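Breakdown of the fold
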Amino acid sequence: MDSALARRMLAASTEITKAALSGEDPDAVLPLVVRRAAALTESDLGLVMVSADDGHLTVEASYGGPTSPGPLDDPVGSVLSPRSAAARVARSGVPAVVDDLIDDPLTAPYVPSALRVYGPFAVAPFGTRERRLGALAVYRRRGASSFTRVAVDVLTSFAAQAGLALVLAEGSTARQRIAVYQERERIARDLHDVIVQRLYGAGVQLDVLDRRLSGRLDEADAARLAETMDQIDQTIAEVRATVHALRSSDPETAEQVPDLADSMRSEVRTAGELLGRPPKLEIHGDLGDVPVAVADHARAALREALSNVVRHSGAQTVLVRVRRSESALVLQVIDDGCGIPRDVSKRGLRNMEERATASGGRCTVHSSPDSGSTVTWEVPLS
């Protein structure tokens, strides 16, 4: 390889590496790869193909040089047979070269009609030995000179270096994503474990103050205090929504939903810290396969029920019972407090009823100053 060609290959490889590691979308990097491959090998057409699990190759990027014989249909998206020369090269890691696509038995059965204007053909594995991405192929028009051994070596080296850059970029992107998710989880945990509990505590103190001053505040001050407590409730709901959003998974992948049983334990723990004594939690049945929408409603329902207990009941003991059968999910919150005062906002209870109705279920509340309250939230799982 002469020094000028070596410098060109080094410059092209460096360009690809910088583009890949800069965080650019691979859809923007792959066209650059085929352009540089075509230029280095003095080809009329370049294609980069990515392997699928079933052995097929899909054309992900193409480049037709200025000497390409006439306009062609865009080959991007075309699928090549697992028996094609490019697919075999992608699997074996061994480059291949032929003088004529149509005459050589290695390639003749698999040449699409649009590529029959080309003759000399060379293809090299794209990627690394451990992470084979696919194949990088170049073509020259019929009648042009065949690819020399030097050209094939250049293509092979460039394909390996460009593929390595993309593999490293994948790892770098994955690490960056993990760091972002870890930071999001830390923020979500702080919001849930610190901010929400403080807001709960402030709400409880205001509720106690409201009871102590009952009948001694004028109408405007009483309304202002009630509005402040409602605003705290709304802020808690918004913070929890933010926590849920922060803990959501990568949008490009399937949603990873928090385990429902763990969520129940977390809600009970938070209520216990505010009550000064932990509620008892009973879970019967496997909650792992509860549908996502139902699980989200169940979390919110438990949160609302425990919020009512913390704010209004004055209970000494609280029992949270979750039962999952083949046909239904039943959530009960039972306390021995003073019941739900008639003069408090029923917005939380209405939210629970609306969530149950949205899931095709129901929510019932039994409350008495003598025996406490029992909230039963039940939805079908069919």
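Note that the structure is predicted; figures quoted are calculated from it, not measured.

Cut-offs applied
- Residues numbered from 1 in each chain as written.
- Predicted model: local features only at pLDDT ≥ 70, side-chain atom pairs only at ≥ 80, totals over all residues.
- Heavy atoms only, no water.
- Helix = DSSP H or I, 4+ residues; strand = E, 2+ residues; numbered from the N terminus.
- Buried < 20%, exposed > 50% of the residue type's maximum accessible area, 1.4 Å probe, protein only.
- Pairing = 2+ DSSP bridges.
- Contact = heavy atoms within 4.5 Å.
- Axes fitted to C-alpha atoms, helices over the stretch in contact; angles between N-to-C directions.
- Expected span 1.5 Å × (residues − 1).
- Parallel < 35°, antiparallel > 145°, perpendicular 65-115°, else oblique.
- Left-handed = near helix turned anticlockwise from the far one by under 90°.
- Nonpolar A, V, L, I, M, F, W, Y, C, P; charged D, E, K, R; others polar.

Let's shift gears to the environment of Glu304. Mapping Glu304 onto the fold places it in helix H7 (residues 292-313). Exposure remark for Glu304: the relative accessible area of 24% places this residue in the partly exposed category. For the pair formed by Glu304 and Ala237, sequence separation is 67 residues and the distance between their alpha carbons is 9.7 Å.

It is worth spelling out the sheet that holds strand E5 (residues 118-127) at this point. As summarised here, the arrangement of the 6 strands in space is E3-E2-E1-E6-E5-E4, forming an open sheet in which the pairing is antiparallel. In the strand order of this sheet, the two ends are held by strand E3 (79-80) and strand E4 (96-98), each with one partner. Where E4 and E5 come together, 3 bridges link them in antiparallel fashion. In the sheet register, Ala96 faces E5, and the bridge partner there is Val123. Across the sheet, helix H3 (residues 85-92) is in contact with strand E1 (45-51), strand E2 (57-64), E3, E4, E5 and strand E6 (132-141); its angle to E6 comes to roughly 140 degrees.

The next thing to look at is helix H6 (residues 260-275). Between its first and last C-alpha, H6 extends 22 Å over 16 residues, near the 22 Å set by a 1.5 Å rise per residue. All of the buried residues along H6 are Leu260, Ala261, Ser263, Met264, Ser266, Glu267, Val268, Thr270, Ala271, Gly272 and Leu275. Following H6 by one or two positions, Gly276 adopts a phi angle in the positive range, close to 90 degrees.

Right, let's get into the packing of H6 against H7. The packing of two helices is summarised by the inter-axis angle and the distance between the axes. Two elements in contact, H6 and H7, have axes whose closest approach is 10 Å; the angle formed by their N-to-C orientations is 10 degrees. It follows from the interaxial angle that H6 and H7 lie roughly parallel. Crossing handedness for the pair H6 and H7: right-handed. Where H6 approaches H7, its residues Leu260, Ser263, Met264, Glu267, Val268, Ala271, Leu274 and Leu275 are matched on the opposing element by Ala295, Ala298, Arg299, Leu302, Arg303, Leu306, Val309 and Val310. Class assignment for the residues of the contact of H6 with H7 results in 12 nonpolar, 1 polar and 3 charged.

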